[in-house]
Amino acid sequence: MCGIVALVGSREASPILLESLKKLEYRGYDSSGLATVSIDANTQKGFISCRKAKGKLQNLLNLIQQDASPGHVGIGHTRWATHGKPEKKNAHPHLDTKGKVAVVQNGIIENHSLLRSQLEAKGIKFRSDTDTEVIPHLISEELYRLNKEGHEIGGLLLQLAVQKVLDVLKGSYALAVIWDEIPNVLIVAKSKAPLLIGFGEGEFLCASDTPAFSGFTKTILPLEDKELALITPLGVEIYDSFGNRKLRAPKLISGYESDADKGKFRHFMLKEIFEQPETAELWLTRYLPNGLPIESPVAFPFENSFYDSIEEIQILACGTSRHASMVGAYLLEQFAGIPAKVFFASEFRYAPPPLAPNVLTIGVTQSGETADTLAALAMEHERRSAYNNKDFASRQLGITNRGESSLSRQISHVIDIGAGLEVGVAATKTFLGQLLTFYGLAIMFASRRNSRSLKEIAELCDLLRCLPKQLVNLISEHNLLTEKLSHKFSSTKDVIFIGRGINYPIALEAALKLKEISYIHAQGYPAGELKHGPIALLDQTVPVISIANEGIVFEKVLSNAQEAKARDACLIGIAPKLPETDIFDHLLPIPRTSEWISPLLSVIPSQLLSYHIAARLGLDVDQPRNLAKSVTVE
Ligand code: F6R
């Protein structure tokens, strides 16, 4: 993760860099820094000023207010620690020994230990524990060597030196480099981490993601892997890794979602939970509009033939997106009758199943930037392409909330869930958007494969169309109920969630949400598994939250909940209000509905309960410790 920015401008660089960093803070917020290059009025020589601060970006803003960083060219970084603790010394930019070369990087340099020991053997003293610091030292060495060989100081020399260093780096990087000898030049490069160049008026801004360009430009050029760009006030030159010039045109992006405002809400997360009726409404208007034939009721942006001849679906995702995918796989198998399997993207990459014919691979990532998911998709594409057999050809579909993301550049078939900007690091409304998209896919596969009658398909469509109204009521009711219930959790250390069938993934998601924002240990289990081990954990200090909806496993989940109650656990139900659900010590009631759509409702009380528990504990709900919204490292 981490966010990087870089500017070659005609104005003071640091305010623009800071403004852009603010919009990338979702990528990491444990420390930040920037470096600018300017010319000393007395000596007429360039020099680099570097400022860093531990903690949120505000600390860097405060620092720069007291101690400005002059210059029109600069680089900046907001960090999510990978190598080295979140401390000032590990914040980027990192400099070479003499402070002449400064670098910011997003990604992981996998061979940094070897490179570091080689540099240390030559007497170089490192100031940080990061993998990144090898880069400025290596560039500095190359600059010296190439200069000695006769290359004159200038952009070409810096380009050659950076390229030499990139050639030895293993892993992923998006980086920006400045050198005090040529104060008007910036070099950026990338491999397996995002980097975009924005074209302003006589200025160029580079950044990890589009929100950073808001207020600057809408004309963007995404750099491709292994490309390097040399940027001066006169323009942008792009080169491949062999130094060949590449001609590429920037494109216009439609807009940004960056101007977030909490409105009347205390946290973005609560606001985003309350936005879910709108998320559903927008999704339904776009993808399940009235008036389409019931044989093909979903308006996804591809041909109907796309669904044909697919015999199996594999879904790759991480975290919350994986939980949405698990509901999706349930729907695809049980409603549409097509075999579907969900994989942790991070595991799939190194242990994929044997190749099967006519498989559709779906990558699900709200950010569109998750390194594990993108890499797993790329690996699958490569191994299928190499097989050179049309039955085994690579067919991929992406589901994301970011139309302008690395996923959209990597895959041609993408469904944008259109949930709008989600600022809270804990995913809520994007989860709902992902779920809805799987309902759409299940409906389309069911109708194309005739695995459900038109009546059943029409019924499911009708249920989905009622969702926005149901959500409005559910959210306002449960906001009050869960706020009250949250008081009971002030000293809770462990919570167990149980669910079955289509709601088992909601138990997993509820547990993830609770642990990531409240730091309370929580675990989700298929309710039937409780007795096979986890029940040993239960006593009166461990609440068990049971997600039980009428349907094929209703009575089973209730029996499993009773088993927990018999061990003195405090029993909380997310279930309809019925005589059978009297067993719960506390009930968070959801409306009686078809089991098919129950996850779309049962997730709401779980989100709100997690939110209120964390908010009551006074925690930073929107930016929980150690997390980031976009996980761009493996
Ligand atoms: C949890 C959460 C994470 C993400 C995961 C994948 O609230 O947001 O678990 O779901 O990091 O992120 P995306 O969906 O961007 O691939």
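## Details of the nonpolar core
For step 1, the next point in the chain: In this structure, I313, L332, I362, Y439, L441, F445 and L464 are the most contacted members of the largest nonpolar core, which totals 91 residues.
For step 2, the next point in the chain: The dominant element in this core, judged by the number of residues it contributes, is helix 12 (residues 429–448), at twelve residues.
For step 3, the next point in the chain: Among the domains, domain 2 (264–465) and domain 3 (477–634) are the pair contributing at least three residues each to this core.
For step 4, the next point in the chain: Excluding anything up to four places from it in sequence, I313 contacts L332, I338, P339, A340, K341, L360, I362 and F445.
For step 5, the next point in the chain: By size, the runner-up hydrophobic cluster in this structure holds 31 residues, among which are L146, V162, I182 and Y239.

## Comments concerning helix 14 (residues 467–485)
For step 1, the next point in the chain: When the terminal C-alpha atoms of helix 14 are compared, their 25 Å separation across 19 residues agrees well with the 27 Å that a helix rising 1.5 Å per residue should span.
For step 2, the next point in the chain: Maximum bend of helix 14: about 25 degrees, positioned at H478.
For step 3, the next point in the chain: What helix 14 keeps buried is the set L467, P468, L471, L474, I475, H478, N479, T482 and L485.

## Section: the pairing of strand 2 (residues 31–39)
For step 1, the next point in the chain: Of all nine residues in strand 2, eight are buried; the element is thus mostly enclosed.
For step 2, the next point in the chain: Judged from the nine bridges that link them, strand 2 and strand 3 (residues 46–54) form a sheet pairing that is antiparallel. Pairing of I39 across the sheet is with G46, part of strand 3.
For step 3, the next point in the chain: What sits between the antiparallel neighbours strand 2 and strand 3 is a turn of six residues, in which Q44 has the positive phi angle 60 degrees.
For step 4, the next point in the chain: Examined bridge by bridge, strand 2 and strand 4 (residues 73–79) share seven bridges and lie antiparallel to one another. Along strand 4, the bridge assignment pairs S32 with T78.

## Some points on the domain arrangement of the protein chain
For step 1, the next point in the chain: On domain assignment, one finds that the protein chain holds domain 1 (3–252), domain 2 (264–465) and domain 3 (477–634).
For step 2, the next point in the chain: Using only C-alpha atoms to locate each centre, domain 1 and domain 2 end up separated by 36 Å.
For step 3, the next point in the chain: The partner domain 2 presents six residues to the nine residues of domain 1 that form the contact.
For step 4, the next point in the chain: Of the roughly 640 Å² buried at the junction of domain 1 and domain 2 (both faces included), carbon and sulfur atoms supply 46%.
For step 5, the next point in the chain: Looking only at domain 1, the three residues that lose the most surface to domain 2 are P194, D209 and T210, adding up to 40% of its buried area.
For step 6, the next point in the chain: Applying the counting criterion to the domain 1 and domain 2 interface returns two salt bridges.
For step 7, the next point in the chain: In this structure, E404 and K251 form a salt bridge, with 3.7 Å as the shortest nitrogen-oxygen distance.
For step 8, the next point in the chain: In the side of domain 1 that touches domain 2, the residues fall into six nonpolar, one polar and two charged.

## Section: the site of the ligand
For step 1, the next point in the chain: Close to the ligand lie 15 residues; S321, T365, S367, T370 and E516 are nearest.
For step 2, the next point in the chain: Separating an oxygen atom of the ligand from a side-chain N or O atom of T370 is a distance of 2.4 Å.
For step 3, the next point in the chain: With respect to the ligand, the side chain of K513 contributes an N or O atom lying 2.8 Å from an oxygen atom.
For step 4, the next point in the chain: Across the complex, the protein chains shield 91% of the 400 Å² of accessible surface that the ligand would expose by itself.

## What to know about unusual backbone geometry
Glycine aside, a negative phi is what most residues show, and trans is what most peptide bonds show.
For step 1, the next point in the chain: Geometrically, the link from H92 to P93 is a cis peptide bond, its omega value of 0 degrees lying close to zero.
For step 2, the next point in the chain: Mapped onto the elements of the fold, P93 is located in the loop between strand 4 and strand 5 (94–95).
For step 3, the next point in the chain: A positive phi angle is found at N450, which is not glycine, with a value near 55 degrees.
For step 4, the next point in the chain: Take N450: it is sitting in the loop between helix 12 and helix 13 (454–465).

## What to know about the sheet that holds strand 17 (residues 340–344)
For step 1, the next point in the chain: Judged by pairing direction, the sheet is parallel, and its five strands sit side by side in the order 17-16-18-19-20 without closing on themselves. This sheet does not close on itself; its edge strands, each paired only once, are strand 17 and strand 20 (414–416). This sheet shows a mean twist of 20 degrees between the axes of neighbouring strands, independent of strand direction.
For step 2, the next point in the chain: Bridging between strand 16 (residues 312–317) and strand 17 involves five bridges; their strand directions are parallel. Bridge assignment links I313 to a residue of strand 17, and that residue is A340.
For step 3, the next point in the chain: Across the sheet, helix 8 (residues 319–335) touches strand 16, strand 17 and strand 18 (359–364), and the angle it forms with strand 17 is around 165 degrees.
For step 4, the next point in the chain: Contacts from helix 10 (residues 371–387) reach strand 16, strand 18 and strand 19 (395–400), with the element oriented near 160 degrees to strand 18.

## Here we look at the packing of helix 15 (residues 504–518) against helix 17 (residues 598–616)
For step 1, the next point in the chain: Between helix 15 and helix 17, whose axes approach to 9 Å, the crossing angle comes to 15 degrees. Our classification of the angle between helix 15 and helix 17 gives roughly parallel. Viewed along their axes, helix 15 and helix 17 form a crossing whose handedness is right-handed. From helix 15, I506, E509, A510, K513, L514, I517 and S518 reach across to helix 17, where they touch P599, S602, V603, S606, S610, Y611, I613 and A614.

Scoring rules and cut-offs
- Residues numbered from 1 in each chain as written.
- Predicted model: local features only at pLDDT ≥ 70, side-chain atom pairs only at ≥ 80, totals over all residues.
- Heavy atoms only, no water.
- Core = buried A, V, L, I, M, F, W, Y, C linked by side-chain atoms within 4.5 Å.
- Buried < 20%, exposed > 50% of the residue type's maximum accessible area, 1.4 Å probe, protein only.
- Helix = DSSP H or I, 4+ residues; strand = E, 2+ residues; numbered from the N terminus.
- Domains from an automatic or database assignment.
- Contact = heavy atoms within 4.5 Å.
- Expected span 1.5 Å × (residues − 1).
- Bend = angle between axes of the 7 residues up to and from the residue.
- Pairing = 2+ DSSP bridges.
- Buried area = accessible area lost by both parts, 1.4 Å probe.
- Salt bridge = Lys/Arg side-chain N within 4 Å of Asp/Glu carboxyl O.
- Nonpolar A, V, L, I, M, F, W, Y, C, P; charged D, E, K, R; others polar.
- Near = heavy atom within 4 Å.
- Polar contact = N/O pair within 3.5 Å; in protein donor to acceptor, adjacent residues only side chain to side chain.
- Areas by Shrake-Rupley, 256 points an atom, 1.4 Å probe, with all protein chains shown as cover.
- Axes fitted to C-alpha atoms, helices over the stretch in contact; angles between N-to-C directions.
- Parallel < 35°, antiparallel > 145°, perpendicular 65-115°, else oblique.
- Left-handed = near helix turned anticlockwise from the far one by under 90°.

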